[in-house]
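Breakdown of the fold
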Amino acid sequence: MSLDVDEVKKIAYLARLKIEEADIPGYVSNLSDILDLVAQMNAVDTKGVTPMSHPLDAVQRLREDVVTEGNQRELFQAIAPKTEDGLYLVPQVIE
Amino acid sequence: MSQDEMKMYHKKNLVELSALLQAGEVSSVELTEYFLARINAHDKNLNSFISVTEVQALAAAEQADAALKNGTAGPLTGVPIAHKDIFCTEGVRTSCGSKMLDNFISPYDATVVSKLKQAGVVMLGKTNMDEFAMGSSNETSFYGAVKNPWDTDRVPGGSSGGSAAAVAARLAPAATGTDTGGSIRQPAAMCGITGIKPTYGRISRYGMIAFASSLDQAGPMAQSAHDCALLLNVMAGFDEKDSTCLDKDVPDYTAELGKPLAGLRIGLPKEYFGEGLDADVEKVVRGALDEYKKLGAELIDIELPNSGLSVPVYYVVAPAECSANLSRFDGVRYGYRCENPVDLMDMYTRTRGEGFGAEVKRRIMVGTYALSSGYYDAYYLKSQQLRHKISEDFREAFEKVDVIMGPTSPDTAFKIGEKSDDPISMYLSDIYTIAVNLAGLPGMSVPAGFVDGRPVGLQITGNYFRESQLLNVAHQYQLNTDWHRAIPEDFL
């Protein structure tokens with residue numbers, strides 16, 4: 001399985017990763033190699049095999065829908081890149 | 001024993017240090033100062049720590065000493081250890097080996113960290129690791145490669161390479177690690193220490209920065225199986241804050257340590273002794289198996305027919321889960337943000353492009369591709385089906401044998417830089433450990449000898465929740481051998 005430059009750029013966009021133009025060929029070759037490795041899976045017929053969701057067949061545990069954590073906005077925002085009036089700031093989205 | 005030898009605390013394991021503390025022959029402050037001094041003196045040659053938490057360590061040691069005096073101490077009170085920098089530690093930088101979290105001061109403790117704190121264990125600092133635990137050599141860390149104390153031109157293994165190197169050089173008596181595809185066992189093998197990855201769900205993942213959630217599991221890394229048992233006693237157990245943590249009683253992991261091995265059935269998978277295994281490593285492993293025979297165990301040939309697929313399966317499951325888990329790093333709420341973003345998209349893409357290293361970006365992209373529209377069935381679904389088949393192989397094997405043994409890694413520690421340009425050859429370093437994570441089984445690595453002065457690990461895999469048996473199987477070997485006592489020359 002080999003990917004081309006455009007496919008790698010598309011994947012990088014979907015993953016929200018800026019990749020320098022100079023680094024693209026390296027990723028094209030590495031990712032293609034990894035997909036070749038992964039293609040070994042196709043040697044085994046898995047028709048009818050149940051996909052594994054948990055090694056011990058555990059089911060999702062549920063809990064009451066109640067508040068369990070107190071408000072710690074100041075503590076959490078103390079490590080944020082940019083905040084104002086208790087809000088997280090990002091570049092302007094709407095003109 | 002002379003006074004000076006008495007004070008060589010780095011030559012003592014956790015069991016011995018704990019006895020000295022309980023008997024009042026040393027204080028926790030003395031021990032903590034001793035190991036902080038060792039880190040100061042030696043770590044510049046190893047780079048095994050990202051942060052050394054001297055002030056917090058001494059404060060915790062004073063508290064431990066008070067507990068030891070007033071009779072409220074437990075078996076590990078006052079013992080200093082190091083934490084892999086993947087565990088969130090309140091008020092202390094938790095970088096996960098990444099530029100992305102270089103400025104992240106965690107506002108809370110991981111469950112593993114708080115449990116050990118409550119048990120009176122003192123944290124010396126945070127150990128180096130492959131970025132976001134993605135790597136097998138500790139070369140992908142933002143903070144630089146860690147060096148192997150047995151040969152500083154070589155890697156310590158990874159991803160818990162800092163923990164393994166620190167314990168091997170006795171800069172800390174023990175450390176925590178995490179294991180997604182071999183990240184406790186492979187570095188333990190390459191550094192000549194003992195490490196155990198328990199059954200998936202045995203230890204809470206809360207506050208342990210997620211890589212591949214269905215595979216990640218924490219565990220202790222120490223000088224002996226007995227030391228690991230003491231740490232596991234504290235680390236294991238149910239936690240409401242981790243939805244995959246299992247609600248099952250925690251036994252006393254030291255309780256089975258006296259059991260003789262007569263009649264123990266050891267399975268030897270033919271797939272673990274085939275092509276790709278270094279001949280000298282095989283010789284060392286066979287030597288360990290002979291020792292088990294002397295202890296009364298029976299060696300039985302078995303097959304794990306699908307185990308050859310574990311590396312390909314892992315490189316779908318782990319990247320897919322990591323691409324989802326790492327989407328939280330967007331420069332909005334914490335961690336790195338790029339300079340002067342022009343718009344929101346520019347902020348996301350440059351923050352992530354600049355904040356993550358090459359291996360992390362590779363895996364995010366592989367995972368993104370595998371989960372993208374039209375490819376899900378061919379990749380993720382297929383890998384989960386094969387995971388089922390790999391688990392079935394183990395299930396069948398454990399009907400015939402009690403434990404499974406083989407080499408932890410096909411080779412000893414390789415040279416720094418040797419595999420860093422070739423991801424695939426790096427991935428194959430974990431060829432024997434990955435299947436255990438895919439099946440969710442407990443596994444450990446035990447020092448079994450040396451090849452050209454480099455340690456070799458014996459991997460022991462057990463059935464679900466049979467950590468007690470696994471630890472005893474390792475312990476009996478360690479009662480009859482002294483590989484686990486060896487310390488690299490420069491750190492004696």
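To start, this report covers the structure provided alongside it. (Residues numbered from 1 in each chain as written. Chains lettered and ligands numbered in written order. Predicted model: local features only at pLDDT ≥ 70, side-chain atom pairs only at ≥ 80, totals over all residues.)

What to know about the overall build of chain A
Across its full length, chain A holds three helices and two strands. For chain A, the N- to C-terminal ordering of α and β elements is α-α-α-β-β. For 95 residues, the compact-globule estimate of 2.2 N^0.38 gives 12 Å, and chain A exceeds it by more than 25% at 22 Å. Principal-axis analysis of the C-alpha atoms gives chain A an extent of 55 × 45 × 25 Å. Here chain A holds 95 residues, and the buried ones make up 16% of them. (Helix = DSSP H or I, 4+ residues; strand = E, 2+ residues; numbered from the N terminus. Rg over C-alpha atoms; globule rule 2.2 N^0.38 Å. Buried ≥ 20, exposed ≤ 12 C-beta atoms within 10 Å, placed from the backbone.)

Looking at the interface of chain B and chain A
Each partner contributes residues to the interface: chain B has 52 residues there, and chain A has 37 residues. A class-by-class count of the residues in the side of chain B that touches chain A yields 28 nonpolar, 14 polar and ten charged. (Contact = placed C-beta atoms within 7 Å. Nonpolar A, V, L, I, M, F, W, Y, C, P; charged D, E, K, R; others polar.)

Here we look at the pairing of strand 2 (residues 80–84) of chain B
With respect to burial, strand 2 of chain B is a largely interior element, five of its five residues being buried. Taken together, strand 2 of chain B, helix 5 (residues 111–118) of chain B and strand 3 (residues 122–127) of chain B form a β-α-β motif whose crossover is right-handed. (Right-handed = clockwise from strand over helix to strand, strands pointing away.)

Quick notes on helix 1 (residues 5–14) of chain A
For helix 1 of chain A, the set of buried residues is V8, I11 and A12 of chain A. End-on, the buried residues of helix 1 of chain A take up no more than an arc of 100°, which puts them together on one face. Buried-residue contacts for helix 1 of chain A involve helix 2 (24–38) of chain A together with helix 12 (358–371) of chain B. Phi for R16 of chain A, located one or two positions after helix 1 of chain A, is positive at around 55°. (Arc of directions from axis to C-beta.)

A few points about unusual backbone geometry
Residue and element names in this part refer to chain B. With an omega dihedral of 10°, the bond running from G158 to S159 counts as a cis peptide bond. When you line up the elements, S159 lands in the loop between strand 3 and helix 6 (161–168). One non-glycine residue, N340, adopts positive backbone phi at about 40°. Here N340 shows up in the loop between helix 10 (310–325) and helix 11 (344–355). Residue N340 is classed as exposed on the basis of its C-beta count, with 8 C-beta atoms lying within 10 Å. One non-glycine residue with positive phi stands out, namely D452, at about 50°. Tracing the chain through its elements places D452 in the loop between strand 10 (443–451) and strand 11 (454–462).

Some points on the nonpolar core
One broad trend across soluble globular proteins is that nonpolar side chains are buried collectively. The biggest cluster of nonpolar side chains holds 160 residues, and the ones touching the most others in it are L124, V167, A172 and M365 of chain B. Residues in contact with L124 of chain B, not counting those within four places in the same chain, are F35, L36, I39, V52, T53, A57, P80, I81, A82 and A172 of chain B. (Core = buried A, V, L, I, M, F, W, Y, C linked by C-beta atoms within 7 Å.)

With respect to the packing of helix 10 of chain B against helix 13 (residues 377–400) of chain B
All names here are of chain B. Interhelical geometry of helix 10 versus helix 13 gives an angle of 130° and a closest axis separation of 9 Å. Comparing the axis directions of helix 10 and helix 13 gives the class oblique. In this structure, helix 10 crosses over helix 13, and the sense of that crossing is left-handed. Where helix 10 approaches helix 13, its residues S310, V313, V316, V317 and A320 are matched on the opposing element by Y379, Y380, S383, L386, R387 and I390. (Axes fitted to C-alpha atoms, helices over the stretch in contact; angles between N-to-C directions. Parallel < 35°, antiparallel > 145°, perpendicular 65-115°, else oblique. Left-handed = near helix turned anticlockwise from the far one by under 90°.)

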